[in-house]
Amino acid sequence: MDTKTHWEQIYQSKPTTEVSWYQARPDLSLYLIQHTGIDKASRIIDVGGGASTLVDHLLAGGFQNITVLDISGAALHQAQERLGPRAENIAWIEADITQAALPSNTYDLWHDRAVLHFLIDAESRRRYMAALHDAVKTDGHVILATFALDGPPRCSGLEVMRYSPEGLLGELGAGFDLVQSTQATHQTPSGGEQKFIYYWFHRR
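Below you will find a few notes about this structure. (Residues numbered from 1 in each chain as written. Predicted model: local features only at pLDDT ≥ 70, side-chain atom pairs only at ≥ 80, totals over all residues. Heavy atoms only, no water.)

**Remarks on the packing of aromatic side chains**
Evaluation of the coordinates by the stated rule reveals 7 aromatic pairs. A centroid spacing of 4.9 Å and a plane angle of 70° characterise the contact between F147 and F196, whose relative ring orientation is edge-to-face. Of this pair, F147 sits in strand β5 (residues 136–147) while F196 sits in strand β9 (residues 193–203), placing them 49 residues apart in sequence. On the basis of relative accessible area, F196 is assigned to the buried category, the value being 3%. A connected cluster of aromatic rings, assembled from ring pairs, spans W7, Y11, W21 and F118. Just above the ring of F63 sits the side chain of K40; from NZ or CZ to the centre is 4.3 Å. (Phe/Tyr/Trp six-rings, centres within 6.5 Å; stacked < 30°, edge-to-face > 60°. Helix = DSSP H or I, 4+ residues; strand = E, 2+ residues; numbered from the N terminus. Buried < 20%, exposed > 50% of the residue type's maximum accessible area, 1.4 Å probe, protein only. Lys NZ or Arg CZ within 6 Å of the ring centre and 35° of its normal.)

**Points about the sheet that holds strand β4 (residues 107–113)**
Across the sheet, which stays open at both edges, the 7 strands sit in the order β3-β2-β1-β4-β5-β9-β8 with mixed pairing between neighbours. At either margin of the open sheet sits one strand with a lone partner, and together these are β3 (90–94) and β8 (176–187). Put simply, the sheet's adjacent strands are angled 15° from each other on average, direction ignored. Here β4 runs beside β5; their pairing, made up of 6 bridges, is parallel. Bridged to D112 within β5 is L144. The strands touched by helix α5 (residues 122–135) within the sheet are β1 (43–47), β4, β5, β8 and β9, with β5 carrying the most contacts at an inclination of about 145°. (Pairing = 2+ DSSP bridges. Axes fitted to C-alpha atoms, helices over the stretch in contact; angles between N-to-C directions. Contact = heavy atoms within 4.5 Å.)

**Here we look at the nonpolar core**
Counting 37 residues, the largest nonpolar core has I33, V55, L58, F63, I66 and I90 as the members making the most contacts within it. If you list the elements that add at least two residues to this core, you get α1 (3–13), α2 (27–36), α3 (54–60), β2 (65–70), α4 (73–83), β5 and β9. With residues up to four places along the chain from it excluded, the contact list for I90 reads V55, L59, I66, V68 and L83. With 28 residues, the next largest nonpolar core counts V47, I97, L144 and Y163 among its residues. (Core = buried A, V, L, I, M, F, W, Y, C linked by side-chain atoms within 4.5 Å.)

**A short note on the packing of α1 against α4**
One way to put it is that α1 packs onto α4 with a least axis distance of 7 Å and a crossing angle of 40°. Contact with α1, carried on its side by K4, E8, Y11 and Q12, involves G73, A74, A75 and Q78 of α4 and no other residues of that element. The residue inventory of the contact of α1 with α4, partitioned by class, reads 3 nonpolar, 3 polar and 2 charged. (Nonpolar A, V, L, I, M, F, W, Y, C, P; charged D, E, K, R; others polar.)

**Remarks on unusual backbone geometry**
Not every positive phi belongs to a glycine, and N105 is a case in point at roughly 50°. With respect to the element layout, N105 can be found in the loop between β3 and β4. Its identity as a non-glycine residue notwithstanding, S156 has a phi of 55°, on the positive side. Within the secondary structure, S156 sits in the loop between β6 (154–155) and β7 (158–159).

**A short note on the side chain of S42**
Relative to the assigned elements, S42 resides in the loop between α2 and β1. With residues up to four places along the chain from it excluded, the contact list for S42 reads N65 and D108.

Structure representation (structure tokens):
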């Protein structure tokens, strides 16, 4: 089964509120975005945003230029249905981030909660980082959330990569400084726990 089919089936078979990564309010992401100091007109891309509620809270906070990218059209449709008329204020991209053609030097902030750690082969990670390097502006910010070293080795039936701050900085490469790393334990809707680390990088 290819990657897109896998994620389409998950979003078509489960309500948004029952997938393991669901958050009613993504507090830590919102906290880090606020502390970057970007203004309300800044361009934000939520990679793998799918049906996440982050976009709802960014709109409520007054942000005006938001893009949500996800490989699953079903996930994006769920978010659009939830937002109703407000969905017209969002740029939606249905694409695999390792193959997406994003505009160069465009985004002030790149946010990804739990996409990168599914890229277990080196070529997929190289393509992901190439897309990030091309799309994020100088002086921009990157917020990445991945499973920690003591996090689950698998999620949604797939193997994952687990990261330390040093390991992730090595993947990201030159030109980025680690501003903050924060450990977090995510409580899944079924009552389980997933150990994450959230990373905030600044591009020099």
